[in-house]
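Close look at the chain arrangement
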Amino acid sequence: MAAGCCGTKKQKLNNSSSIPSCNGTSVVPNGISNGTGMVALPEMCFFCFDVLYCHLYNLAPPKTPTFSNDAYPLFVTWKIGKDKRLRGCIGTFNAMNLQSGLREYAVTSAFKDSRFSPVTREEFPKLSVSVSILRHFEDGDDYLDWEVGVHGIRIEFINEKGNKRTATYLPEVASEQGWDQLQTIDSLLRKGGYKAVISNEVRRSIKLTRYQSEKITVTYQDYMNHWNSQRC
């Protein structure tokens, strides 16, 4: 099931990784460093750019990439401009094969995030893309059983109409916004559609799942440098 930064289905996985640094990219480890090798690679971001370019210009899809095709939950995030404004972010908590998953969500996040209009050809050279591979899912004891800057969180709650709702923020969201745990939880409840007064009782009723991620980011310039290097 596809989801923005607001709602998804839960998928429990337990994997491990360590995060090296890469030239031309940024890697956010979010607390993962146990030495068994990383999953997220710059090539995944280059592939997302390829997929989006082919879609924008009605070209044949890019060839099958060579990176791992193991299955993980994943998100693709597009940002634009020097200030890196969010342009689209959609993914899935269901484990998907990476090659088909990134092919799908590179397009979905660029064109079907309901918060934004579809990405245009004119915007393409201003974009950067991040691939987040989600791992280490654990049930939290309560709504505060997670750490800002380390964990992403997914909450399940009952709204004021008695309907079950879910919402999620990736690990970097709280830190980027400067939120503490309480602010993050309250924002996530609003994002998930809770409209009534948020009381301590409401917060205590939340079922929380925490997770970690590998996130790697590539800019358009990184992508062009990579593309030009392939021609030489």
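These notes cover the structure that comes with them. (Residues numbered from 1 in each chain as written. Predicted model: local features only at pLDDT ≥ 70, side-chain atom pairs only at ≥ 80, totals over all residues. Heavy atoms only, no water.)

1. Examining the overall build of the chain
For the chain, the count of helices and strands is six helices and eight strands. The secondary structure elements of the chain, listed N-terminal to C-terminal, are β-β-α-β-β-α-β-β-β-α-α-α-β-α. Per-residue burial for the chain yields a buried fraction of 50% across its 232 residues. Sequence-distant contacts, at least 24 apart, represent 73% of the contacts inside the chain between residues at least 6 apart. Here the chain has roughly 11,100 Å² of accessible surface; of this, 48% comes from carbon and sulfur atoms. (Helix = DSSP H or I, 4+ residues; strand = E, 2+ residues; numbered from the N terminus. Buried < 20%, exposed > 50% of the residue type's maximum accessible area, 1.4 Å probe, protein only. Contact = heavy atoms within 4.5 Å. Areas by Shrake-Rupley, 256 points an atom, 1.4 Å probe, with all protein chains shown as cover.)

2. Overview of the environment of valine 119
One can find valine 119 in the loop between helix H2 (98-111) and strand S5 (127-139). Separated by 41 residues in the primary sequence, valine 119 and tryptophan 78 have C-alpha atoms spaced 9.2 Å apart. If we ignore the near neighbours within four places in the chain, the residues touching valine 119 are Leu52, Leu56, Arg87, Ala110, Phe111 and Leu127.

3. A look at H2
With 14 residues, H2 extends 20 Å from end C-alpha to end C-alpha; this agrees with the ideal 20 Å at 1.5 Å per step. By the burial criterion, the buried members of H2 are Leu98, Gln99, Gly101, Leu102, Tyr105, Ala106, Val107, Thr108, Ser109, Ala110 and Phe111. (Expected span 1.5 Å × (residues − 1).)

4. Focus on the environment of alanine 95
Within the secondary structure layout, alanine 95 lies in strand S4 (residues 85-97). Classification of alanine 95 by relative accessible area gives partly exposed; the value is 32%.

5. Focus on the nonpolar core
Generally speaking, soluble globular proteins have nonpolar side chains that are buried together. If you look at the biggest cluster of nonpolar residues, it comprises 36 residues, and the most contacted ones within it are Leu52, Trp78 and Leu102. Secondary-structure elements contributing two or more residues to this core are helix H1 (42-56), strand S3 (71-80), S4, H2, S5 and strand S8 (207-219). By residue number, the principal contributor to this core is H1, which donates nine residues. In terms of nonpolar packing, the next biggest core, distinct from the first, is built from 23 residues, Phe75, Cys89, Trp146 and Leu189 among them. (Core = buried A, V, L, I, M, F, W, Y, C linked by side-chain atoms within 4.5 Å.)

6. Quick look at the pattern of salt bridges
Applying the stated rule across the entire model yields 12 salt bridges. Across the pair glutamate 172 and lysine 215 runs a salt bridge whose closest N-O atoms are separated by 3.4 Å. With glutamate 172 in helix H3 (residues 171-177) and lysine 215 in strand S8, this pair connects stretches of sequence that are 43 residues apart. Assigned by exposure class, glutamate 172 and lysine 215 land together as buried. (Salt bridge = Lys/Arg side-chain N within 4 Å of Asp/Glu carboxyl O.)

7. Examining the pairing of S4
As paired elements, S3 and S4 share nine bridges and run antiparallel to each other. Of the residues in S4, the one forming a bridge with tyrosine 72 is methionine 96. As consecutive antiparallel partners, S3 and S4 are separated by four residues, and within that stretch glycine 81 has a phi angle of approximately 80°, a positive value. (Pairing = 2+ DSSP bridges.)

8. Looking at the packing of aromatic side chains
In this structure the tally under the stated criterion is 16 aromatic pairs. Aromatic pair phenylalanine 49 and tryptophan 78: ring centres 5.2 Å apart, planes at 80°, arrangement edge-to-face. You can see phenylalanine 49 sitting in helix H1 and its partner tryptophan 78 sitting in strand S3, a full 29 residues away along the chain. Of the two residues, phenylalanine 49 and tryptophan 78, neither departs from the other in class, the shared state being buried. A ring pair is formed by phenylalanine 124 and tyrosine 223, whose centres lie 6.3 Å apart and whose planes are at 85°; its orientation type is edge-to-face. One end of the pair, phenylalanine 124, is in the loop between H2 and S5; the other, tyrosine 223, is in helix H6 (residues 220-231), and 99 residues separate them in sequence. Classification of phenylalanine 124 by relative accessible area gives buried; the value is 4%. (Phe/Tyr/Trp six-rings, centres within 6.5 Å; stacked < 30°, edge-to-face > 60°.)

9. Examining unusual backbone geometry
Of note, the phi angle at asparagine 58 is positive, near 55°, even though the residue is not glycine. In this fold, asparagine 58 is placed in the loop between H1 and S3. Judged by its relative accessible area of 65%, asparagine 58 falls in the exposed class. One non-glycine residue, histidine 136, adopts positive backbone phi at about 60°. Following the sequence through the fold, histidine 136 ends up in strand S5.

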